[in-house]
Amino acid sequence: MASIGKNVTFYNDHPPVTVEINLLDFKQNVYGEVVTVEWLKYLRGEEKFASVEELIDQLQVDEQNTRQFFGTNSN
C-alpha cells in the first residue's frame, strides 16, 4: 500500500512531497535498502482530513481495500 502526495493533513503551507510504502504483514527491517515498487491499483486521491483519527480510519479502509485486491486477510 503506497501513498505519494503532499501530506496535506499535517502541513498548511508548502507541504513537501513524500512517498510512503506500507508493507503489510512484513516484519523485517529494510530501512536503507533498495526496493522495487510496482503500481498495480489506484485506490483514491489525496485528501485533507480534519483530524488524525479520520486519517487513521481512512488508512484502515485503504488497508482493507488493498488486502481485498490481493486476496489476503488481516493477521
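Counting of residues starts from 1 at the beginning of each chain's written sequence and follows it residue by residue. Confidence filtering applies because this is a predicted model: local features only for residues at pLDDT of at least 70, side-chain atom pairs given and counted only at 80 or more, and all residues used for totals across whole chains, interfaces and linings. To obtain the side-chain values, all non-hydrogen atoms of the structure were included, while hydrogens and water were left out.

## Examining the overall build of the chain
Secondary structure elements are defined from DSSP: runs of H or I of at least 4 residues count as helices, runs of E of at least 2 residues count as strands, and each element is numbered from the N terminus. Each helix and strand counted, the chain has 1 helix and 2 strands in total. Going from the N terminus to the C terminus, the chain shows its helices and strands as β-β-α. In terms of principal-axis extent, the alpha carbons of the chain reach across some 35 × 30 × 20 Å. Residue burial in the chain is summarised as follows: out of 75 residues, 12% are buried. A total accessible area of about 6500 Å² is found for the chain, and carbon and sulfur atoms account for 49% of it. Positive charges are assigned to Lys and Arg, negative charges to Asp and Glu, while His and the chain termini are left out of the count. By convention, the point assigned to a charge is CZ for Arg, NZ for Lys, CD for Glu and CG for Asp. Put simply, the chain has 6 plus and 12 minus side-chain charges, and the middle of one group is 3 Å from the middle of the other. Burial classification: accessible surface area is computed with a 1.4 Å probe over protein chains only, and a residue below 20% of its type maximum counts as buried, one above 50% as exposed, and the rest as partly exposed. What sets the accessible areas is the Shrake-Rupley method with a 1.4 Å probe; for residues, cover comes only from the shown protein chains.

## Re the confidence of the model for the chain
For residues with low pLDDT, the predicted coordinates do not support detailed interpretation. Confidence of the predictor at the level of single residues is given by pLDDT, which spans 0 to 100. Model confidence for the chain is summarised by a mean pLDDT of 89, while 96% of its residues fall at 70 or above. Mean pLDDT values for the elements of the chain range from 90 in strand 2 (residues 18-21) up to 95 in helix 1 (residues 52-70).

## With respect to the environment of V17
Along the chain, V17 turns up in the loop between strand 1 (2-5) and strand 2. Sequence spacing of V17 and K6 is 11 residues, and the spatial spacing of their C-alpha atoms is 4.4 Å. Among residues more than four places away in sequence, those in contact with V17 are I4, G5 and K6. Note on definitions: a residue-residue contact is assigned when non-hydrogen atoms from the two residues lie within 4.5 Å.

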